[in-house]
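Now for the letters of each chain:
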Amino acid sequence: AQSVAQPEDQVNVAEGNPLTVKCTYSVSGNPYLFWYVQYPNRGLQFLLKYITGDNLVKGSYGFEAEFNKSQTSFHLKKPSALVSDSALYFCAVRGSNTGFQKLVFGTGTRLLVSP
Amino acid sequence: SQTIHQWPATLVQPVGSPLSLECTVEGTSNPNLYWYRQAAGRGLQLLFYSVGIGQISSEVPQNLSASRPQDRQFILSSKKLLLSDSGFYLCAWSWAGGSQPQHFGDGTRLSIL
């Protein structure tokens, strides 16, 4: 069975500092990995995905994520945080086996960027 | 470009009343469609998904049902709402294929009184 763990309920960082939001996964076969952001009373917005190839994936709003197969991790990173990055972040995984497979989401990590 | 619309944005309903939430997608054809419920602003629970007109798969047995009467229209319904049906309901679409991301609407916040 597929699963995603986001071990931190909340991450606090000062504006201008680098940020990391952690994600580990479990899936049969090769993973398809995704990061989403959610602002209050809004739907989830797609940030980036890892399918294959380069372990460092670049996405929207200056975010990037690093895929590490041996550690089964896909941490979200940004070199310099903005106050406007404060939101709820979700990691999600799906297996790459053929046939329909549902996307499994983590429980989310709240990012709080202080001025 | 593709857009997804959900309505209403908020809804307050009495216990025992019926429910109909609608979701439409523009700018694409034959998308996969999904209904999720998000409780307490955190985890997402997949309720239903559809890979084509009239094809509905249910993930969790419950008081809700879904229908897809047209290619880009997905409807979430209930005949009699329960207090436990309160939550934030999100519709999403994706192209077929496991590597495709899902794209979400802005949700309906449903409160049951």
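Everything discussed here concerns the structure shown above.
All values derive from a computational prediction rather than experimental measurement. (Residues numbered from 1 in each chain as written. Chains lettered and ligands numbered in written order. Predicted model: local features only at pLDDT ≥ 70, side-chain atom pairs only at ≥ 80, totals over all residues. Heavy atoms only, no water.)

A.B. asks: Mind laying out the overall build of chain A, listing which residues take part and the relevant values?
C.D. replies: Along the backbone of chain A there are zero helices and twelve strands. Starting at the N terminus, the α and β elements of chain A follow one another as β-β-β-β-β-β-β-β-β-β-β-β. At 14 Å, chain A has a C-alpha radius of gyration in line with the 13 Å of a compact globule built from 115 residues. Seen along its three principal axes, the alpha-carbon backbone of chain A occupies a region of about 45 × 30 × 20 Å. A burial count over chain A gives 46% of its 115 residues as buried. Of the contacts formed within chain A by residues at least 6 apart in sequence, a portion of 57% connects residues at least 24 apart. (Helix = DSSP H or I, 4+ residues; strand = E, 2+ residues; numbered from the N terminus. Rg over C-alpha atoms; globule rule 2.2 N^0.38 Å. Buried < 20%, exposed > 50% of the residue type's maximum accessible area, 1.4 Å probe, protein only. Contact = heavy atoms within 4.5 Å.)

A.B. asks: Residue-level account of the side chain of A:His75, with values.
C.D. replies: Residues and elements named next belong to chain A. Counting through the fold element by element, His75 comes out in strand E9 (residues 73-78). Among the polar contacts listed, one links the side chain of His75 to the backbone nitrogen of Cys23, at a separation of 3.0 Å. When neighbours within four sequence positions are excluded, His75 is seen to be in contact with Thr20, Val21, Lys22, Cys23, Trp35, Glu64, Ala65 and Glu66. (Polar contact = N/O pair within 3.5 Å; in protein donor to acceptor, adjacent residues only side chain to side chain.)

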